[in-house]
Amino acid sequence: MALHIGIVGLPNVGKSTLFNALTRTKGAQAANYPFCTIEPNIGIVEVPDQRLQKLAEMVKPQKVIPAAIEFKDIAGLVKGASKGEGLGNQFLHAIRESDAICHVVREFQDGNVTHVDGSVDPKRDCEIIEMELILADLESIDKQIDKTEGAARSGDKMKQKELSVLERMKAALASGKMANTVEMTDEEQRLSRHFNLLSAKPILYALNITEEAMKNVDPAAQRKTLGLPESAEVIAICAKIEDDLQDLSPEEGLEMLREMGVESSGLDQLIHAAYHALGYMTYFTAGPQEVRAWNVRRGSTAPQAAGVIHTDFEKGFIRAETIAYRDFVDCGGEQGAKEKGKMRSEGKEYLVQDGDIMHFKFNV
């Protein structure tokens, strides 16, 4: 089950270059004019995880399958997109289908790459995108309130709760705030997912900077540049460098980064940030046929984790034979973990931990 991240931003900020680097392809057209991406480009990206490679070295399976994220390169947005300007309607529809948003903001200066508004201003550009999301959400939320009010007035308790959340979100949107700034209980969070508001989705900010700026990355300063709160997830990316790295082997790429004074790829940081922004973690299955990483929401029970593999596993769940990753490695694998009492039999109430190696028992 791949998680879906939509890459958005103004035209010519580096979205397609970033997409090409993420997916190690030349699939997205990157050109110096607005709307060179019309139909969204889609690519599956592996989630880098050294634990998976370690398990593969120990188990020596026939196949190794990593967790995955689907990135979608969406057409550039312009002011007025919420009213259909540019390719606004296509843009907004593509975002609605995404689980989270990767907002690419241009900071680099390059006279050879035009800016749709004539100058580079990261804070202004960031605000343009966010305002278009807010305006689109206001239109959507008014329609949802109209549909909910009747049932709420008739005494439907669930609809009354939905209406309360909708009205609070509308108040935030009307004051220029994103829907994801509204504080909610867990129950209200679950209700709000059905509204599918654009500005309620988790947002990562990829600040596209120059090669020189990569040597002195300061996340706090970048948040200030974009006018974002401390809680905002900002990843510094030099899309041009990342695009160049795809032509090199992993070893050559690491050497190139070190020569530049950079320890790790901005893309790896972005992929991990996207994965965690969605509230996901990884558990593993490990056997001679396959070692595989699985996406599962944090706080999931063992049956829910089993259901990620197949719904029948969740319905017929009996128990989960579970080994913590560290125990699996320290004991030399499954057999060693069994012998040292590190394999546990967990029931339906068990909350899966990041890195668990699991084998499910179930009734067909």
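Since this is a predicted model, take the numbers as computed values, not measurements.

Caption draft 1: Looking closely at helix 4 (residues 122-153). For helix 4, which comprises 32 residues, the first-to-last C-alpha distance of 45 Å matches the rise-based estimate of 46 Å (1.5 Å per residue) to within 8%. Of all the bends found along helix 4, the most pronounced is centred on Lys147 and spans about 25°. Among the residues trailing helix 4, Gly155 stands out with phi positive, at a value near 110°.

Caption draft 2: View of the packing of aromatic side chains. Counted under the stated rule, the structure contains four aromatic pairs. Judged by centre distance (6.5 Å) and plane angle (15°), the ring pair of Tyr283 and Trp294 falls under stacked. Of the two residues, Tyr283 sits in strand 8 (residues 280-286) while Trp294 sits in strand 9 (residues 290-297), which places them 11 residues apart along the sequence. Of the two residues examined, Tyr283 and Trp294, each falls in the buried class. Pairing Tyr283 with Phe360 gives two aromatic rings, centres 5.9 Å apart and planes at 90°, and the pair type is edge-to-face. A residue pair is termed long-range when its members are at least 10 positions apart, and Tyr283 in strand 8 and Phe360 in strand 12 (residues 357-362) qualify at 77 residues. Each member of the pair, Tyr283 together with Phe360, is buried. What links up through ring pairs into an aromatic cluster is the set Tyr283, Trp294, Phe317 and Phe360. Arg292 extends its terminal NZ or CZ atom over the ring of Trp294, reaching a point 4.0 Å from the ring centre.

Caption draft 3: Geometry of the pairing of strand 8. Most of strand 8 is tucked away: seven of the seven residues are buried. Taking every second residue as pointing to the same face, both faces of strand 8 are buried, with Tyr280, Thr282, Phe284 and Ala286 on one and Met281, Tyr283 and Thr285 on the other. Between strand 8 and strand 9, which pair antiparallel in sequence order, lie three residues.

Caption draft 4: Quick peek at the sheet that holds strand 7 (residues 233-237). The six strands lie next to each other as 2-4-1-5-6-7, forming an open sheet whose pairing is mixed. Sheet topology places strand 2 (41-46) and strand 7 at the edges, where each strand pairs with a single neighbour. On average, each strand axis in the sheet is inclined to that of its neighbour by 25°, with strand direction left out of account. Contacting strand 5 (100-106) and strand 6 (203-208), helix 4 runs over the sheet at an angle of about 150° to strand 5. Helix 10 (residues 266-277) contacts strand 1 (3-8), strand 2, strand 4 (68-73), strand 5, strand 6 and strand 7 of the sheet and is inclined by roughly 160° relative to strand 7.

Calculation notes
- Residues numbered from 1 in each chain as written.
- Predicted model: local features only at pLDDT ≥ 70, side-chain atom pairs only at ≥ 80, totals over all residues.
- Heavy atoms only, no water.
- Helix = DSSP H or I, 4+ residues; strand = E, 2+ residues; numbered from the N terminus.
- Expected span 1.5 Å × (residues − 1).
- Bend = angle between axes of the 7 residues up to and from the residue.
- Phe/Tyr/Trp six-rings, centres within 6.5 Å; stacked < 30°, edge-to-face > 60°.
- Buried < 20%, exposed > 50% of the residue type's maximum accessible area, 1.4 Å probe, protein only.
- Lys NZ or Arg CZ within 6 Å of the ring centre and 35° of its normal.
- Pairing = 2+ DSSP bridges.
- Axes fitted to C-alpha atoms, helices over the stretch in contact; angles between N-to-C directions.
- Contact = heavy atoms within 4.5 Å.

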